[in-house]
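# Descriptive analysis of the structure
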Amino acid sequence: MKKQLFFLFTIFMVFMFACQRADIGSDGTTTTDMENLIIDENFNFESTKSIELEITLPSVVVYTDIKSRVSIYDKSPDEGGVLLYAGTADSDGILSTEIIVPSYLSELYVSTFAGNETLSIDDTPVLSKALKSYSVDFGEDYSSNPPPEIEPESAAQQKTAILFQKGEGVKSAKKMFMPNVISNGGFDVDEFGSVLNSWSSAMVDDNLWHVTRELDGYVDIVEENGDNALQISRSNYRYGGVTQLITAGPGDRITFSANLKASGSGSKTAWLYIIPRNSNGSALAFYSRQVNYFSSYWDDAYVAATMPSQTASVQILLWQHIYGGNIYWDDIYVTGPVDDADGDGINDEEDDYPNDWKRAYNIYYPNEENYGSLAYEDNWPGRGDYDFNDLVVDYQFKQVVNASNALVELESKFKFRAIGASFTNGFGFEINTPSSNISNITGQSIVDSYINLGPNNAEVGQSNASIIVTDNAFTQLPHPGGGTGVNTTPGQTYVDPVTMTVFTSFETPVPLSQAGSPPYNPFIIVDQERGREVHLPNKTPTTLVNTALFGSQNDDSNPSIGKYYKTQNNLPWAIDIPVSFDYPVEKALIINAYLHFAEWAESSGTLYTDWYLDESGYRNSGNIYQVAQ
């Protein structure tokens, strides 16, 4: 009997220990309890990563009067890519910036007047404070030599321009809105001018393409997938060019882009040339990029330069050495003088505000089309239930910056989607600029008396600007009368989310490097207790926080070492997701809703960097709130 009792007691203790170590999900699976996750103290539950970029534009372009825009997409806009960042290169043609992207992102698409490039980036985050740095140089393969008329000594002496594969038979769509100053750039018309003795022969601006004598009889217009293209054919070695003259003047920025591909055996080399000429027709300089390696893909190549003094015309030259087979050219696109109506130094075609010198670009986060989400636990400093639905707010920020990459105004959209709590919580965010630098804030919802705003509608008593969006989220999402909270209990009345738009303007533009990155420093204020703020892990509190709460109950904040809003086991009270978050239902642990959350967290974000996406095997949909159809 004693043995039986001992056996039953042992089974009971094992069961109790197991219950402490695990929770049973609604689908019958066993998952590790949140408190038993092993989380690195340096991990901040970030689903994004910060990377440094240095973009270098061609040095043969002058950037003192006319600056240049650099746009960063998550992939080529031709493939549905969305804009992540826009900024201005400095007077040396260099843009150095830091951007935040989803951790799973493995490439960026860099677009400039001087070309486009797909940039591979590491698709895993880094725990260390050091940022990963990447660079693109659009001018490194430029040449100042005249068109070569003899075969190069060796392939090793040939510089290689970087080309971008678009897919079989697909040509790059032009993103420029400036008029094409070259005639018949798509070779729609099979018409040529007289044959030239050489590339340097006297020319006139007659809107026609001319062929040099070396290629006479080897140039045709052919149909390519329903579109015309220029074809250079040769069974043995031949060099030569196809060229056109345009009118231009000193200081004009000339850009020249083209699509190329090849077929047949034999090696081939091509050059894109911009050659400014004086009034006598003499060449003043040579600006070129060389293409050594071809494929059956349509690829892009670019060259650009600022025209020197005495320029009266510019020769656009398609030059090639062909050793058999065919070279194809199409979509020749040349832009001429740059217009800048508001005088801010930004080309009107690159300027989102061409008639407003105070504004230049719109930068959206997470992007122009989508929202990110903030999800909070509001029992701080007590332990949360880790369903991360006490307040769920979607966000989208539009940063309006000037030509110097400084923040002029901020348009912030917040969609209040769920309140899985009974507390009356407020919501706001902090920007790294003095409160006194706020000119005005509009669009807030302040209905109670515990928030004090100044004349500029920034919160008073704060060092940095604190922008209170709402002091009572139930104003945006009224309780429907049944269930716990709003939009967290299945079967209860659904309340349509409300979107608020808050505008913030600044007395003095704030450099983006100083202001910080969206979503900046967002926080909730718990149950109208002003000093009880909940921030993202390791984000600093505002001036008005009640510091006595740090280190109390389950909070393990330690300001002396920069640790904030984490438990002793390094768990957070808030998470930020760069997409609209499908949050768990009431009382469902996030690890029982998202089946790879635990692996992601315990790997410090290196595994399942896209844990929140709706991929096969990623979710237990029964534990995720869904609107009844």
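Residues numbered from 1 in each chain as written. Predicted model: local features only at pLDDT ≥ 70, side-chain atom pairs only at ≥ 80, totals over all residues. Heavy atoms only, no water.

In terms of helices and strands, the protein carries four helices and 31 strands. Buried positions account for 56% of the 629 residues belonging to the protein. Taken as a whole, the protein presents about 26100 Å² of accessible surface, with 48% of it coming from carbon and sulfur. (Helix = DSSP H or I, 4+ residues; strand = E, 2+ residues; numbered from the N terminus. Buried < 20%, exposed > 50% of the residue type's maximum accessible area, 1.4 Å probe, protein only. Areas by Shrake-Rupley, 256 points an atom, 1.4 Å probe, with all protein chains shown as cover.)

Glancing now at the side chain of Thr-97. Relative to the helices and strands, Thr-97 resides in strand β6 (residues 94–102). With a relative accessible area of 15%, Thr-97 lands in the buried category. A polar atom in the side chain of Thr-97 sits 3.3 Å from the side chain of Tyr-85. In contact with Thr-97, other than residues within four places in its own chain, are Ile-51, Glu-52, Leu-53 and Tyr-85. (Polar contact = N/O pair within 3.5 Å; in protein donor to acceptor, adjacent residues only side chain to side chain. Contact = heavy atoms within 4.5 Å.)

A few words now on unusual backbone geometry. The residue after Tyr-365, namely Pro-366, is reached through a cis peptide bond having omega 0°. Position of Pro-366 relative to the elements: it lies in the loop between β21 (361–365) and β22 (372–376). Cis geometry is adopted by the peptide bond preceding Pro-381, which originates at Trp-380 and carries an omega value of 5°. By secondary structure assignment, the location of Pro-381 is in the loop between β22 and β23 (391–401). Backbone geometry at Asn-457 places phi at a positive 70°, although glycine is not the residue there. Along the chain, Asn-457 turns up in the loop between β26 (438–442) and β27 (464–470).

We now examine the pairing of β27. Counting buried positions along β27 yields six of seven residues, so the element is predominantly enclosed. As defined by bridge partners, strand β25 (residues 426–434) adjoins β27 across six bridges and the pair is classed as antiparallel. Considered in β27, the bridge of Pro-434 is made with Asn-464. (Pairing = 2+ DSSP bridges.)

Within the largest apolar cluster, 113 residues are counted, with the highest numbers of intra-cluster contacts made by Leu-108, Phe-256, Trp-329, Ile-332, Phe-414, Phe-416 and Phe-427. Among the elements that line this core, the one with the most residues is β23, at five residues. Look past the residues within four positions of Phe-416 in its chain and what remains in contact with it is Leu-391, Val-392, Val-393, Phe-427, Val-469, Thr-470, Ala-473, Gln-476, Leu-477, Pro-497, Val-498 and Met-500. (Core = buried A, V, L, I, M, F, W, Y, C linked by side-chain atoms within 4.5 Å.)

Our focus in this paragraph is the sheet that holds strand β3 (residues 48–56). The three strands lie next to each other as β6-β3-β9, forming an open sheet whose pairing is mixed. Strand pairing shows two members of the sheet lacking a second neighbour, β6 and β9 (132–137), which therefore form its edges. With strand direction ignored, the average angle separating the axes of adjacent strands in the sheet is 25°. (Axes fitted to C-alpha atoms, helices over the stretch in contact; angles between N-to-C directions.)

Time to look at the sheet that holds strand β4 (residues 69–73). Each strand in a sheet pairs with another by means of backbone hydrogen bonds, the pair being arranged parallel or else antiparallel. Read across the open sheet, the four strands follow the order β5-β4-β7-β8; overall the sheet is antiparallel. In this open sheet, the two edge strands, each paired with only one partner strand, are β5 (83–88) and β8 (115–120). In this sheet, neighbouring strand axes are inclined to one another by 20° on average, regardless of whether the strands run parallel or antiparallel. Where β4 lies against strand β7 (residues 107–112), four bridges are found, and the strand directions are antiparallel.

Turning our attention to the confidence of the model for the protein. With 89% of its residues at a pLDDT of at least 70, the protein reaches an overall mean of 89. Note that pLDDT drops below 50 for residues 1–31; the model gives that stretch 23 contacts with residues more than four away or on any other chain. Taken together, the stretch residues 152–170 has pLDDT below 50 and engages in 46 contacts with residues farther than four places along the chain or on a different chain. (pLDDT = per-residue confidence, 0-100.)

Looking now at the pairing of strand β16 (residues 268–277). Of all ten residues in β16, ten are buried, a share of seventy percent or more. Relative to strand β19 (residues 313–322), β16 runs antiparallel, the two being bridged by ten bridges. Of the residues in β19, the one forming a bridge with Trp-271 is Trp-319. Inspection of the sheet shows β16 paired to strand β17 (residues 287–291) by five bridges, in the antiparallel sense. Bridge pairing in β17 places Ile-274 opposite Tyr-287.

With that settled, the discussion passes to the packing of aromatic side chains. Applying the stated criterion across every chain, the model contains 37 aromatic pairs. Ring geometry for Tyr-365 against Tyr-395: centres 6.2 Å apart, planes inclined by 5°, an arrangement best described as stacked. With Tyr-365 in strand β21 and Tyr-395 in strand β23, the pair connects residues that are 30 residues apart, well separated along the chain. Note on Tyr-395: relative accessible area 0%, which makes it buried. An angle of 85° between the planes, with centres 5.6 Å apart, marks the rings of Phe-397 and Phe-414 as edge-to-face. Placement of the pair is Phe-397 in strand β23 and Phe-414 in strand β24 (residues 406–418), with a sequence separation of 17 residues. A relative accessible area of 1% places Phe-397 in the buried class. Within the aromatic cluster, the residues linked to one another by ring pairs are Phe-43, Phe-45, Tyr-104, Phe-581, Tyr-594, Phe-597, Trp-600, Trp-611 and Tyr-612. Note that Arg-253 overlies the ring of Phe-113, its terminal NZ or CZ placed 4.3 Å from the centroid. In this structure, Lys-261 is placed above the aromatic ring of Tyr-328, and the distance from its NZ or CZ to the ring centre is 5.6 Å. (Phe/Tyr/Trp six-rings, centres within 6.5 Å; stacked < 30°, edge-to-face > 60°. Lys NZ or Arg CZ within 6 Å of the ring centre and 35° of its normal.)

Once that is clear, we can look at the environment of Lys-398. Along the chain, Lys-398 turns up in strand β23. With a relative accessible area of 16%, Lys-398 lands in the buried category. Separated by 30 residues in sequence, Lys-398 and Glu-368 place their C-alpha atoms 7.9 Å apart. Once residues within four sequence positions are removed from consideration, Lys-398 is found in contact with Tyr-353, Asn-362, Ile-363, Tyr-364, Glu-409, Leu-410 and Glu-411.

It is worth spelling out the environment of Gly-281 at this point. Looking at the element boundaries, Gly-281 is found in the loop between β16 and β17. By relative accessible area, which is 26% here, Gly-281 ends up partly exposed. Along the chain, Gly-281 and Ser-201 lie 80 residues apart, while their C-alpha atoms are 8.6 Å from each other.

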